[in-house]
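# Secondary and tertiary structure notes
So the chains spell out like this:
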Amino acid sequence: MFFRQNEKFPDQKSEHGVRHIAFIMDGNGRWAKKRGMPREFGHREGAKAFQRVVEYCGDIGIEYVTVYAFSTENWKRPENEVKAIMQLFTEYMSEAFRVFAEKGLRIRFIGDRSRFDADLLCEMNRLEQDSKDNKKVLNVAFNYGGREDILHAVKVLASEGKDFTEENLTVALYTEQCPEPDLIVRTGGEMRISNFLLWQSAYAELYFTDTLWPDMQEKDVDAAVAEFARRNRRFGGV
Ligand code: IPE
Ligand code: IPE
Ligand code: MG
């Protein structure tokens, strides 16, 4: 529905008005279960949907995409599932994330890095460094929790002796200078935030769909963005 930016209107600002979109990529496990497969299989298929969706968001002129890939609470899952997700994430350092970086996305990892091993940390830093001059941004929320984000930011301000103002706290968050999300899309049918971008989502439009994440297609992104275009954002005004 939305023109792929490079096709017809290369310089036109996207007509839908979404500058920053964020996805709670939920429903991988149920997708696999429906097929009699282990949950890990759903995560692999979900990773393909991630590539499809991120690429399409870029095509329709969205400048910032944030994906919720692993929460600070997801460590509670069975060990083999956590292991499979970590494995997939590690593979993506040299695959999908690397490809996106080469295609012009700035990759940023948001979340608590203290639980990652030195090799993985090194790869994460390298990807961020190599892609830092790209304009479009992909924030990958991995071991991310909104509460941890806020607490971490408060500690940063305290250690730097800065005032506790909204402006200072905003830039001390993992998302730093990134504009707040305009639209948060959650797949998988649950209507909750599950500790995602708590501070940053204050005035985000929320969109929930029953579509399970691995089934997410370009047309589903269109539907969310079209719904956003119909919303009346007031930010507390009239
Ligand atoms: C989302 O899918 C991916 C992660 C949280 C890592 P789920 O694994 O939560 O899938 P469901 O909700 O159990 O179907
Ligand atoms: C939210 O999904 C986290 C991610 C998508 C990474 P969960 O499946 O963990 O959320 P709950 O447990 O249903 O709230
Ligand atoms: Mg879930």
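Residues numbered from 1 in each chain as written. Chains lettered and ligands numbered in written order. Predicted model: local features only at pLDDT ≥ 70, side-chain atom pairs only at ≥ 80, totals over all residues. Heavy atoms only, no water.

Turning next to the packing of helix H2 (residues 39–59) against helix H8 (residues 218–230). Packed helices, taken two at a time, are described by their axes: the angle between them and the distance between them. Orientation of H2 relative to H8, taken along the N-to-C sense of each, is 50 degrees, at an axis distance of 9 Å. By the angle between their axes, H2 is oblique relative to H8. The two elements H2 and H8 meet at a crossing, and its hand is right-handed. Residues Arg-52, Val-53, Tyr-56 and Cys-57 of H2 touch H8, and the partners they reach there are Glu-218, Val-221 and Asp-222. Classifying every residue of the contact of H2 with H8 gives four nonpolar, no polar and three charged. (Axes fitted to C-alpha atoms, helices over the stretch in contact; angles between N-to-C directions. Helix = DSSP H or I, 4+ residues; strand = E, 2+ residues; numbered from the N terminus. Parallel < 35°, antiparallel > 145°, perpendicular 65-115°, else oblique. Left-handed = near helix turned anticlockwise from the far one by under 90°. Contact = heavy atoms within 4.5 Å. Nonpolar A, V, L, I, M, F, W, Y, C, P; charged D, E, K, R; others polar.)

Time to look at the confidence of the model for the protein. The pLDDT averaged across the protein works out to 95; a share of 95% of its residues lies at or above 70. In the predicted structure, residues 8–12 sits below a pLDDT of 50 and forms four contacts with residues beyond four places in sequence or in another chain. (pLDDT = per-residue confidence, 0-100.)

The strand order across the open sheet formed by six strands is E3-E4-E2-E1-E5-E6, and the pairing between neighbours is parallel. Sheet topology places strand E3 (105–110) and strand E6 (205–208) at the edges, where each strand pairs with a single neighbour. Taking each pair of neighbouring strands and ignoring which way they run, the sheet shows an average axis angle of 20 degrees. Relative to E6, strand E5 (residues 183–186) runs parallel, the two being bridged by four bridges. Paired with Ile-184 across the strands is Leu-206, a residue of E6. Running over the sheet, H2 touches strand E1 (20–24), strand E2 (64–71), E3 and strand E4 (136–144) and is turned about 160 degrees from E2. (Pairing = 2+ DSSP bridges.)

In this structure, the largest pocket spans a volume of roughly 710 Å³. Across the lining of the largest pocket, the residue classes tally to 16 nonpolar, eight polar and eight charged. (1 Å grid on protein atoms, 1.4 Å probe; cavity = no way out; pocket = protein on both sides within 12 Å on 5 of 7 lines; lining within 4 Å. Points joined across faces, edges and corners; volume = space filled by probe spheres on them.)

Our focus in this paragraph is the site of ligand 1. Taken together, the neighbourhood of ligand 1 is formed by 13 residues, with Asp-26, Gly-29, Arg-30, Arg-39 and Arg-77 sitting nearest. Here Asn-28 contributes a backbone N or O atom positioned 3.1 Å from an oxygen atom of ligand 1. Contact between ligand 1 and Arg-39: an oxygen atom at 2.9 Å from a side-chain N or O atom of the residue. The fraction of the free accessible surface of ligand 1 (380 Å²) that becomes covered by protein chains is 87%. The cavity that encloses ligand 1 is the largest pocket. Secondary structure elements with two or more residues in the shell around ligand 1: helix H1 (28–34), H2 and helix H3 (79–94). (Near = heavy atom within 4 Å. Polar contact = N/O pair within 3.5 Å; in protein donor to acceptor, adjacent residues only side chain to side chain. Areas by Shrake-Rupley, 256 points an atom, 1.4 Å probe, with all protein chains shown as cover. Sits in = over half its atoms within 2 Å of the grid points.)

Attention now moves to the environment of Arg-19. Within the element layout of this structure, Arg-19 appears in the segment before E1. Arg-19 gets classed as partly exposed once you look at its relative accessible area, which sits at 36%. C-alpha separation for the pair Arg-19 and Gln-177, spaced 158 residues apart in sequence, amounts to 14 Å. Not counting residues up to four positions away in its chain, the partners in contact with Arg-19 are Ile-62, Glu-63, Tyr-64, Pro-179 and Asp-182. (Buried < 20%, exposed > 50% of the residue type's maximum accessible area, 1.4 Å probe, protein only.)

Below, the discussion takes up the pattern of salt bridges. Pairing of side chains with opposite charge becomes possible as their charged atoms draw close. Applying the stated criterion to the full structure yields 22 salt bridges. Between Glu-45 and Lys-48 there is a salt bridge, with its nearest N and O atoms 3.3 Å apart. Remark: Lys-48 and Glu-45 occur in helix H2; sequence separation between them is three residues, near one turn of the helix. Ionic pairing is found between Glu-123 and Arg-126, a salt bridge with its closest N-O pair at 2.6 Å. (Salt bridge = Lys/Arg side-chain N within 4 Å of Asp/Glu carboxyl O.)

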